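Given next are the chains, with one letter for each unit.
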Amino acid sequence: MNRLARFGFYLLCGLIAAFLVLPLLVIVPLSFNPEPYFSFTPAMLQLDPAGWSLRWYREITESAQWRLALRNSLSIAAVVTPLATLLGTMAALGLRRLPTRARKMSAVIIASPLVVPVILFATGIYFFLAPLGLTQSFTGIILAHTALVAPYVVVTVGSTLTTFDERLLRAASILGSPPLSAFFKVTLPLIAPGIASGALFAFVTSFDEAVIALFLAGYDQRTIPLQMWSGVRDQLSPAVLAAATLMVLLVTIIMLAAMLIARSARSAGARR
Amino acid sequence: MNAASPSRAGWALVLPLVAFIVIAFLAPIATMFLRSVHDPEIADLMPRTRQALAQWDGAGVRQVAFDAVSADLQEANATNQIGRLAQRLNREQNGLRRLIDVTARQLQQNPDTQLARIDPGWSDPDLWRILARVTSPWTGRHLLNALDVTVTADGALVRQEEARRLYVDLFLRTAWVAALVTLICALLGYPYAYAMAASGPSLRTLLLFLVLLPFWTSLLVRATAWIVLLQRRGVINEGLLAMGLISETGRLDLIYNMTGTIIVMVHVLLPFFVLPLYSVMAGLPTSYVRASASLGAHPLRTFARVYLPLTYPGVAAGGLLVFILSLGYYVTPALVGGRTGQLISNQIAFHMQRSLNWGLAAALGTLLLLAVLLLALTLPRLAERGGLRA
């Protein structure tokens, strides 16, 4: 009975895991569809090599629209990530030096973008930027994305700071190190993993953000999510499956790399 | 280091982000609040009428008011704004579009015609009460509209006629969907988080990877994947058909309706439930469970009386997160919800982008935000009082 219950439990968890991941894997074979449909052709099911094609990969790599979208998404994320990482890391370092009340107040303000539904921020920022002529501009999208992702950086850097030992800084100061050099030689290396994961999260979130972009982007500011949005909503072309497959592949590689780095850091720590 | 300097350095580090968020985030949110009660569009298009009616006592319409409307309509004619004005007024009171169009056309031919002679509608005192109300830039009508309440000509509040009641139902439906999604996430997420906490390092890494992969994958990619699976000619329907479980006419409608919205929302939000719960479970000492077992309790009893209560904080944190995120969900219902699977956020976007009824969009947004803030502030406290924060 006990073993049966155990088996049942792990079967259930296997099904939940399948629910989480299988949908992402189904799009991979379908992206090699030679026909403009979202389903398997008979030739594909018979694993006939002639029934598979790179047509949609060719389409997205050759299409001017997709290239523009990729360039826009990367440019936006390339400005948002350092800006949000800098502002967020500074705030995380500063928060712990504030008196309790001021710290709580600042934390509430900083956390507010995490609570408010994005659609409301998109609505508000559209009203806010319209009189300034900043809708349909990169500036507007970058401002909004930075406000949206900087709080995540504060959270990730803040959580590495909770394990940071302040006595190290006092030791550095006793040994004659000025505060700034103590920061670069002591604090920064220790909180670097938090900064890195905050920056990574900022990049991915900005790259993946669709709602703000829907409200603020004009035709020239179309991003990858918007391109996929119209691919799903209006055209329903397997080109979005090719793009989606590439994105799943990218995320998988990033995650595997992050896990390997974390593991090697752990084993290095254990050796020491 | 003296006592003052750490806090001054602290301010120097924190203020840039705080100032940035106040300007780039809180100010836009405040603008949305303002928009829900401040709508100067009609007032700007009818400045003379607004002035003439601002101090009006509601008893008898004086000639100044007729002249003001006449002058405003002629100016709107001249600046090509008459269509917009007619549309805006019609939104406040059905039938005004026709009245404005007819009157404006007559005035164009003969600017000195008396309004009452163009259309008897102008002699109706109720019309003037409506005009007095809608030419005021400060208004509660958008918020009332968002609650399916309308104002009669004499200023009384009544519920919208049956066919035009949309939003209260939609708010309730959104709350219901959010609750259902949270419940399903709890039922699926609890055993999964437990399996992560209870298994050895390599299985745990695998399970963590499987929950983080969809978490990090683009929302658009996930919506696409589910469309591929669930649509009428999708993988699931074709599979069931091939196995002979359904017939060609019996294909299941799994997407572009509320079913699709709920399935995909559960998929998107499940990691938000699993991860906080797992971090609570991973931090629990195993000694309580072992103590309970060694004192002879049945495993189920141990689970219900010892383990489950210890994990309540994680359940509460994950549940609250999922519930609040679902209340404001937009992307998923927009892509897979079809006509019947839309939530309140989609209505806000509709009024922002399609109907261009920005006041109503702002009012719906204000109500949604108040609901979210209320929940975010009260639920954790209720949970605390109920002993959920062990």
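Residues numbered from 1 in each chain as written. Chains lettered and ligands numbered in written order. Predicted model: local features only at pLDDT ≥ 70, side-chain atom pairs only at ≥ 80, totals over all residues.

Quick word on the overall build of chain A
- The secondary structure content of chain A amounts to 12 helices and 0 strands.
- Starting at the N terminus, the α and β elements of chain A follow one another as α-α-α-α-α-α-α-α-α-α-α-α.
- Across the 272 residues that make up chain A, the buried fraction comes to 39%.
- Sequence-distant contacts, at least 24 apart, represent 73% of the contacts inside chain A between residues at least 6 apart. (Helix = DSSP H or I, 4+ residues; strand = E, 2+ residues; numbered from the N terminus. Buried ≥ 20, exposed ≤ 12 C-beta atoms within 10 Å, placed from the backbone. Contact = placed C-beta atoms within 7 Å.)

Examining the overall build of chain B
- Counting secondary structure elements, chain B contains 19 helices and 2 strands.
- The C-alpha radius of gyration of chain B comes to 29 Å, more than 25% above the 21 Å expected for a compact globule of 390 residues.
- The C-alpha extent of chain B, read off along each of the three principal axes, is 95 × 80 × 35 Å.
- In chain B, which comprises 390 residues, the proportion classed as buried is 41%. (Rg over C-alpha atoms; globule rule 2.2 N^0.38 Å.)

Section: the nonpolar core
- Grouped together as the largest cluster of nonpolar side chains are 156 residues, with contacts concentrated most on A:A91, A:A144, A:V211, A:I212, B:W226 and B:L269.
- A total of 16 residues in this core trace back to one element, the largest contributor, which is helix α14 (residues 258–282) of chain B. (Core = buried A, V, L, I, M, F, W, Y, C linked by C-beta atoms within 7 Å.)

Points about unusual backbone geometry
All names here are of chain B.
- The residue N80 is not glycine, and still its phi comes out positive at about 65°.
- Here N80 is to be found in the loop between α4 (63–78) and α5 (82–92).
- Overall, the presence of 8 C-beta atoms within 10 Å leaves N80 in the exposed class.
- A positive phi angle, near 60°, is found at D148, a position not held by glycine.
- Position of D148 among the secondary structure elements: in the loop between α9 (141–146) and β1 (149–151).
- Overall, D148 belongs to the partly exposed group, with 18 C-beta atoms counted inside 10 Å.

Topic: helix α7 (residues 138–161) of chain A
Residue and element names in this part refer to chain A.
- Relative to the 34 Å expected for 24 residues at 1.5 Å per residue, α7 spans 33 Å between its end C-alpha atoms, a close match to the ideal helical length.
- At V149, α7 is deflected by roughly 25°, the largest bend along its length, and proline P151 occurs up to four residues later in sequence.
- Of all 24 residues in α7, 18 are buried; the element is thus mostly enclosed. (Expected span 1.5 Å × (residues − 1). Bend = angle between axes of the 7 residues up to and from the residue.)

Considering the interface of chain B and chain A
- Opposite the 73 residues of chain B that make contact, chain A presents 67 residues.
- Per-element accounting of the side of chain B that touches chain A gives the leading share, 23 residues, to helix α1 (residues 4–37) of chain B.
- Per-class residue counts for the side of chain B that touches chain A are 56 nonpolar, 13 polar and 4 charged. (Nonpolar A, V, L, I, M, F, W, Y, C, P; charged D, E, K, R; others polar.)

Some words on the confidence of the model for chain B
- Residues at a pLDDT of 70 or more form 96% of chain B, whose mean pLDDT is 89.
- What the predictor reports for the complex is a pTM of 0.89 with an ipTM of 0.89. (pLDDT = per-residue confidence, 0-100.)

Some details on the environment of A:K185
- Inspection of the secondary structure puts A:K185 in helix α9 (residues 179–208).
- Sequence separation between A:K185 and A:A172 is 13 residues; the distance between their C-alpha atoms is 9.1 Å.

A few points about the environment of B:P276
Residues and elements named next belong to chain B.
- Relative to the assigned elements, P276 resides in helix α14.
- Residue P276 is classed as buried on the basis of its 22 C-beta neighbours within 10 Å.
- Separated by 41 residues in sequence, P276 and A317 have C-alpha atoms that sit 6.7 Å apart.
- Those residues in contact with P276 that sit more than four places away from it in its chain are G314, A317, G318 and L321.

A few points about helix α3 (residues 47–54) of chain B
- Those residues of α3(B) that sit buried are B:T49, B:R50, B:A52 and B:L53.
- Tucked inside the fold, the buried residues of α3(B) contact α2 (41–45), α4 and α8 (125–134) of chain B.

Thoughts on the environment of B:F33
- When you line up the elements, B:F33 lands in helix α1.
- We classify B:F33 as partly exposed; it has 16 C-beta atoms within 10 Å.

Some details on the packing of helix α10 (residues 167–198) of chain B against α14(B)
All names here are of chain B.
- Between α10 and α14, whose axes approach to 7 Å, the crossing angle comes to 45°. The angle between α10 and α14 falls in the class oblique. The hand of the α10/α14 crossing is right-handed.
- The class makeup of the residues in the contact of α10 with α14 is 24 nonpolar, 2 polar and no charged. (Axes fitted to C-alpha atoms, helices over the stretch in contact; angles between N-to-C directions. Parallel < 35°, antiparallel > 145°, perpendicular 65-115°, else oblique. Left-handed = near helix turned anticlockwise from the far one by under 90°.)

A word on the packing of helix α1 (residues 2–30) of chain A against α10(B)
- Relative to each other, α1(A) and α10(B) sit at 110°, their axes nearing to 9 Å. By the angle class used here, α1(A) and α10(B) are roughly perpendicular. Judged by the sense of rotation from one axis to the other, the crossing of α1(A) with α10(B) is left-handed. Contacts between α1(A) and α10(B) involve A:F9, A:Y10, A:L12, A:C13 and A:I16 from the former and B:L188, B:P191, B:Y192 and B:A195 from the latter.
- By residue class, the composition of the contact of α1(A) with α10(B) is 9 nonpolar, no polar and no charged.

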